Amino acid sequence: MRIDILTLFPQMFQGPFSESIFQRAVDRRLVAVNIHNIRDYTHDKHRTVDDYAYGGGAGMVIKAEPVFEAVESIKSEAYPEQGGRKELPVILLTPQGRLFCQKIAEELSGHSHLILICGRYEGIDERVREHLVTDEVSIGDYVLSGGELAAMVLADVVVRLLPGVLGSEDSARDDSHTTGLLEYPQYTRPEVYRGWSVPEVLLSGNHAQIARWRRQQAILRTLERRPELLDKASLGVEERTLVGRLKKSQSTGGGDK
Ligand code: 6GU
């Protein structure tokens, strides 16, 4: 996969992409990430990327020209034989976008090339939205100072879904949100720490029993912390019954487990 990121603050991307899983994916050529400074696509002496809003009001608006030129230049370079006319996701990171989630990440991981545009300031010229961008994404209901951190979040989530990026093929399988459930509790050595023991079943070597316990714990944890996720999770008949029973005991003020 290739990811091109357009930003006014390219330095922000130095750290997060140079660590662990992401860097390994880059080293193995499973993903190539290019950071582009929108300012490099201006033509005036002052390299102007923003301007006053028509109609007045506080704050500057990112100009359409450098953003269009950056995207067109990336496409022309990547797809010369099509004259740069290639359909690919051009995603604007903005609090007004559709709410990012694992499902959207899975959808995006199926593309071979993504272009991400980081919004800033009070906004971006609406013509970028109308005529350049194919998708708008937000990472949550809060306001960041810009789309950069959101672009990093999106890229990280998408890249770890690419085949070969994670060590063992199934290490993403049980992740919270992949299963529609939160993840079960994990333990490592020592067996007893400050008097706190690892649950007996995990030491039993009985893999079927361990799998059953983990599944139950995942369901329980999801019910306690994010009950709304259970409505969409794919549960077996017995598991649904269990959830129904637990919910009832919750509402009647029963014990917590
Ligand atoms: Cl994508 N951008 C900004 N500026 N704020 C956000 C966001 C994006 N997602 C959540 N908050």
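Note that the structure is a prediction, hence the values are computed from the model and not measured. (Residues numbered from 1 in each chain as written. Predicted model: local features only at pLDDT ≥ 70, side-chain atom pairs only at ≥ 80, totals over all residues. Heavy atoms only, no water.)

Quick word on the domain arrangement of the protein
1) Next: For the protein, the domain assignment lists domain 1 (2–167) and domain 2 (174–251).
2) Next: Distance from the C-alpha centre of domain 1 to the C-alpha centre of domain 2: 37 Å. (Domains from an automatic or database assignment.)

Quick word on the environment of E19
1) Next: Looking at where E19 falls in the secondary structure, it is placed in the loop between β1 (2–7) and α1 (20–27).
2) Next: When its relative accessible area of 52% is taken as the criterion, E19 is described as exposed.
3) Next: C-alpha separation for the pair E19 and T241, spaced 222 residues apart in sequence, amounts to 43 Å. (Helix = DSSP H or I, 4+ residues; strand = E, 2+ residues; numbered from the N terminus. Buried < 20%, exposed > 50% of the residue type's maximum accessible area, 1.4 Å probe, protein only.)

Regarding the site of the ligand
1) Next: The environment of the ligand is formed by L93, T94, P95, V137, S138, I139, G140, Y142, L144, G146, G147 and A150.
2) Next: Between a nitrogen atom of the ligand and a main-chain N or O atom of I139, the distance comes to 2.9 Å.
3) Next: Contact between the ligand and Y142: a nitrogen atom at 2.6 Å from a main-chain N or O atom of the residue.
4) Next: Those elements that place two or more of their residues in the shell around the ligand are β5 (90–99) and β8 (135–138).
5) Next: Counting residues per element, the shell around the ligand draws most heavily on β5, which supplies 3 residues.
6) Next: When grouped by side-chain class, the residues that make up the shell around the ligand number 7 nonpolar, 5 polar and no charged. (Near = heavy atom within 4 Å. Polar contact = N/O pair within 3.5 Å; in protein donor to acceptor, adjacent residues only side chain to side chain. Nonpolar A, V, L, I, M, F, W, Y, C, P; charged D, E, K, R; others polar.)

Focus on the pattern of salt bridges
1) Next: One pass over the structure, following the stated rule, counts 12 salt bridges.
2) Next: Among the salt bridges present, the one from D4 reaches R2, with a minimum N-O distance of 2.7 Å.
3) Next: On the basis of relative accessibility, which here comes to 0%, the residue D4 falls in the buried class.
4) Next: Note that E148 is salt-bridged to R120, the shortest N-O span being 3.0 Å. Here the residue E148 occupies a position in helix α5 (residues 148–159), and R120 occupies one in the loop between β6 (113–118) and β7 (123–124), the gap between them amounting to 28 residues. (Salt bridge = Lys/Arg side-chain N within 4 Å of Asp/Glu carboxyl O.)

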